[in-house]
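Remarks on the overall topology
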2 protein chains.
Amino acid sequence: MADVSISTVSRVVNNSKPVNEDVRKRVMEAIKQTKYRPDVLGEAETRGNTHLIGIIIPHNSNTVLDDFSIGIRNIAELYGYDIIVGLTDGTVESELHYFNLFHELRTLGNIFVGSVLEKEHTEMIHKTGTPCVLAGQQSPNSAIPSVHLDNVTASYEAVTYLIQRGHRQIAMIRASGESAVGGDRYQGYRQALEDAQIPPREEWVVESGFSVEDGSTAMRKIMERASRPTAVFCSTDWMAVGAMNYLHDIGLRVPEDISVIGFDNSFMASIVRPNLTSVEYSGTEIGMTAARHLIKLIKGETVTPHHSNVAHYLMVRESTE
Amino acid sequence: MADVSISTVSRVVNNSKPVNEDVRKRVMEAIKQTKYRPDVLGEAETRGNTHLIGIIIPHNSNTVLDDFSIGIRNIAELYGYDIIVGLTDGTVESELHYFNLFHELRTLGNIFVGSVLEKEHTEMIHKTGTPCVLAGQQSPNSAIPSVHLDNVTASYEAVTYLIQRGHRQIAMIRASGESAVGGDRYQGYRQALEDAQIPPREEWVVESGFSVEDGSTAMRKIMERASRPTAVFCSTDWMAVGAMNYLHDIGLRVPEDISVIGFDNSFMASIVRPNLTSVEYSGTEIGMTAARHLIKLIKGETVTPHHSNVAHYLMVRESTE
């Protein structure tokens, strides 16, 4: 456009050698018109093409998911990849938007931290051809590896712990839907009751949203039933903290009157008084494993098995007896 | 490279019309070699060039900063911009890395959520030429607009509230350094004492990190002094929750024995028992204002005044009396 050689453009941009003023103006005008941005920092050149990995993650959801990002970043940096994050509002539409945007930005791979892999996600991943790993759910698709924990067994063990301590009236505040946090954790609860030959009481199972307030509301519903449980198992710590707050506010004591167990062992569990008994696992490890899997995919290698679980255990604190 | 017309490439990529098999192979090979990614989704075409805004923000710091992102996204989406996020570890090095990466990715502007604007940041912003707005601190540079709140006045009012309720022995757990959260909030505390003719006692001012644990440690140090305060003002809610936990654990009651005030009115303030009295302001509004300023800069308009404050007030709850 400026009718000059590439080396002349380079001289103008980098100010490295003297250039005729008229030529300089023509080059600068062309740069302005084409919106070309000189690589003033020189880094892109030495790095070759961009080594970009995208994280698509719901915004402001909870800190366990934040730990995923820490793990992903640790491994990505070790292998020389850069990370960009797309914060979704949790809707499929907003998730697809970021898959699309990251495709335009030419990420080499994406890690998707969503609740459920819908048909639209699978289609989008297929269409863009960008390798993708799921963190925080189990993938039904062997071409899309995933990393989480064994939610059924972890919940089974938490409820079995209550049963071993003598509880037989055990309620559950469960996340709605059939996601890992909703369906799998409920399945473990049911299995533990069944194996202990305790008849399930559906009036003690209340669905809840993810906020602390939602947990309080669910606890209120349970306490309004004809008979009261002696313990409550919750799908997440946040729901459990809401449950404990409701019990505190109506004058009941945890654990003397009711035991409470959470899930995720988030920072909240050790901050609240009494401290919360909760299922511990490492979100950072989930992120690290997901990143390692993604890097394998980017290099054209196969990930087997296509789903991995990180370790878990019940961290017993003050909220149970 | 494939020696065919653009419309032929389009036919191959979009699979829209029949193409000779040999031609198809040549086009696919060229695509592979040039790493050209066909815009299979068609969106980039209709949008013209990318309208990208970058957020550079410390990872996992606290939820007030998360609110900034919500506000930025609201406004950015309204004006048709896409958002990508770079999560830093809070070091200048990691912040500069993202300024550089976002320059390569051709963001039209960036919002920088950091603690202090260092000389290196200013130089980087100048070198890349990408418009930048600061959120969460006051800019010393009129070319870089900023949005926060009036931290000195907000702290002055919180401490004055304690004085009006009869307190004269008021400690402070303050963030280290001369940032808004450290320096400005301490300045307001000092000014309030001075105006009430209460002699400052430096042994009651303890510096602290940002975690709940750091707050507990700072509270312990204060309680080990020869005489005890009747109230403590904290630079952040997290420090305040740590302080309350320490007091709870040694058997003191809040507010009967000691009043506690936090800052930020984060979600934590209403979750903990007793609820925390805290300085409220809208992080979302800070984000929204920062985004509006950035869009002005991108359009080549001037932002005056170059620093804006959002509103604040003291939200009185159960932790003070």
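Residues numbered from 1 in each chain as written. Chains lettered and ligands numbered in written order. Predicted model: local features only at pLDDT ≥ 70, side-chain atom pairs only at ≥ 80, totals over all residues. Heavy atoms only, no water.

The name an unreviewed UniProt entry assigns to chain A is Transcriptional regulator, from the organism Paenibacillus wynnii.

What chain A contains, in helices and strands, is twelve helices and twelve strands. When each of the 321 residues of chain A is scored for burial, the buried share is 53%. Relative to all contacts within chain A whose residues are 6 or more apart in sequence, the contacts with residues 24 or more apart total 71%. Counting only carbon and sulfur atoms, one obtains 48% of the accessible surface of chain A, whose full area is about 14300 Å². (Helix = DSSP H or I, 4+ residues; strand = E, 2+ residues; numbered from the N terminus. Buried < 20%, exposed > 50% of the residue type's maximum accessible area, 1.4 Å probe, protein only. Contact = heavy atoms within 4.5 Å. Areas by Shrake-Rupley, 256 points an atom, 1.4 Å probe, with all protein chains shown as cover.)

All names here are of chain B. Relative to each other, helix α5 (residues 92–104) and helix α6 (residues 119–128) sit at 5 degrees, their axes nearing to 10 Å. As far as their axial angle goes, α6 and α5 are roughly parallel. On α6, the residues touching Val92, Glu95, Leu96, Phe99, Asn100 and His103 of α5 are Glu120, His121, Met124, Ile125 and Thr128. Per-class residue counts for the contact of α5 with α6 are five nonpolar, four polar and two charged. (Axes fitted to C-alpha atoms, helices over the stretch in contact; angles between N-to-C directions. Parallel < 35°, antiparallel > 145°, perpendicular 65-115°, else oblique. Nonpolar A, V, L, I, M, F, W, Y, C, P; charged D, E, K, R; others polar.)

Once that is clear, we can look at the environment of B:Ile170. All names here are of chain B. Tracing the backbone through its elements, the reader meets Ile170 in strand β6 (residues 170–175). Among the residues examined, Ile170 registers a relative accessible area of 2% and is labelled buried. Excluding its chain neighbours within four sequence positions, the residues that come into contact with Ile170 are Val159, Leu162, Ile163, Tyr189, Leu193, Trp204 and Ala231.

Looking now at helix α12 (residues 283–298) of chain A. All names here are of chain A. For α12, built from 16 residues, the straight-helix expectation of 22 Å at 1.5 Å per residue is met to within 8% by its first-to-last C-alpha distance of 22 Å. Listed as buried for α12 are Gly283, Ile286, Gly287, Thr289, Ala290, Ala291, His293, Leu294, Ile295 and Leu297. Where α12 ends, the next residue or the one after it, Gly300, has phi of about 85 degrees, a positive value. (Expected span 1.5 Å × (residues − 1).)

Time to look at the sheet that holds strand β7 (residues 205–208) of chain B. Residue and element names in this part refer to chain B. One open sheet holds the six strands; their spatial order is β7-β6-β8-β9-β10-β12, and the pairing between them is mixed. Across the chains shown, the open sheet's two edge strands, defined by having one partner strand only, are β7 and β12 (312–315). Here the average twist between neighbouring strands, direction ignored, is 20 degrees. Bridge count between strand β9 (residues 259–263) and strand β10 (residues 277–281): three bridges; the pairing is parallel. Looking at β10, one finds that Ile261 is bridged to Thr277. (Pairing = 2+ DSSP bridges.)

Residue and element names in this part refer to chain B. Within the element layout of this structure, Thr304 appears in the loop between α12 (283–298) and β11 (307–310). On the accessibility criterion, Thr304 (66% relative accessible area) is exposed. For the pair Thr304 and Ile111, spaced 193 residues apart in sequence, the C-alpha separation works out to 17 Å.

With twelve residues, helix α9 (residues 212–223) of chain B should cover 16 Å at 1.5 Å per step; its first-to-last C-alpha distance of 17 Å lies within 8% of that length. Here α9(B) has its buried residues at B:Val212, B:Gly215, B:Ser216, B:Ala218, B:Met219, B:Ile222 and B:Met223. Looking down the long axis of α9(B), one finds its buried residues gathered within 165 degrees of arc, a one-sided arrangement. Of the surrounding secondary structure, the elements contacted by the buried residues of α9(B) are α11 (267–271) of chain A together with β6, β7, β8 (231–234) and α10 (237–249) of chain B. (Arc of directions from axis to C-beta.)

Glancing now at the sheet that holds strand β10 (residues 277–281) of chain A. All names here are of chain A. Spatial ordering of the open sheet is given by β7-β6-β8-β9-β10-β12, a layout of six strands whose pairing is mixed. In this open sheet, the two strands that pair with only one neighbour each are β7 (205–208) and β12 (312–315). The mean angle between the axes of side-by-side strands here comes to 20 degrees, regardless of whether they run parallel or antiparallel.

Following the criterion strictly, the structure yields 16 salt bridges over all chains and no others. With a shortest N-O distance of 3.2 Å, A:Glu203 and A:Arg201 are connected by a salt bridge. The class for A:Glu203 is partly exposed, based on a relative accessible area of 34%. Residue A:Arg201 is classed as partly exposed on the basis of its relative accessible area of 32%. Close ionic contact of B:Asp249 with A:Arg273 constitutes a salt bridge, the shortest N to O distance being 2.9 Å. Of this pair, B:Asp249 sits in helix α10 while A:Arg273 sits in the loop between α11 and β10, on two different chains. Residue B:Asp249 is classed as partly exposed on the basis of its relative accessible area of 49%. For A:Arg273, a relative accessible area of 28% translates into the label partly exposed. (Salt bridge = Lys/Arg side-chain N within 4 Å of Asp/Glu carboxyl O.)

The next point concerns the confidence of the model for chain A. Residues and elements named next belong to chain A. Residue-level pLDDT values for chain A average 88, and 83% of them are 70 or greater. The low-confidence segment residues 34–48 (pLDDT under 50) makes 31 contacts with residues lying over four places distant or belonging to another chain. Predicted as a complex, the structure gets a pTM of 0.79 and an ipTM equal to 0.75. (pLDDT = per-residue confidence, 0-100.)

With that out of the way, let us pick up the packing of helix α7 (residues 151–164) of chain B against helix α8 (residues 180–195) of chain B. Geometry of a packed helix pair, given as the angle between the helix axes and the separation of the axes. All names here are of chain B. Viewed as axis vectors pointing N to C, α7 and α8 meet at an angle of 40 degrees, and their least axial separation amounts to 7 Å. On the basis of the axis angle, α7 is oblique to α8. The two elements α7 and α8 meet at a crossing, and its hand is right-handed. The segment α7 lies against α8, with Asn151, Val152, Ser155, Tyr156, Val159, Thr160 and Ile163 engaging Ala180, Asp184, Arg185, Gln187, Gly188, Tyr189, Gln191, Ala192, Leu193 and Asp195. Class assignment for the residues of the contact of α7 with α8 results in eight nonpolar, six polar and three charged. (Left-handed = near helix turned anticlockwise from the far one by under 90°.)

A few words on unusual backbone geometry. Residues and elements named next belong to chain B. Note the cis peptide between Val254 and Pro255, where omega equals 5 degrees. Mapping Pro255 onto the fold places it in the loop between α10 and β9. A cis amide bond, omega -5 degrees, links Arg273 with the succeeding residue Pro274. Relative to the helices and strands, Pro274 resides in the loop between α11 (267–271) and β10. For Asp264, which is not a glycine, the phi torsion comes out positive at approximately 120 degrees. Judged by relative accessible area, Asp264 falls into the buried class, the value being 6%.

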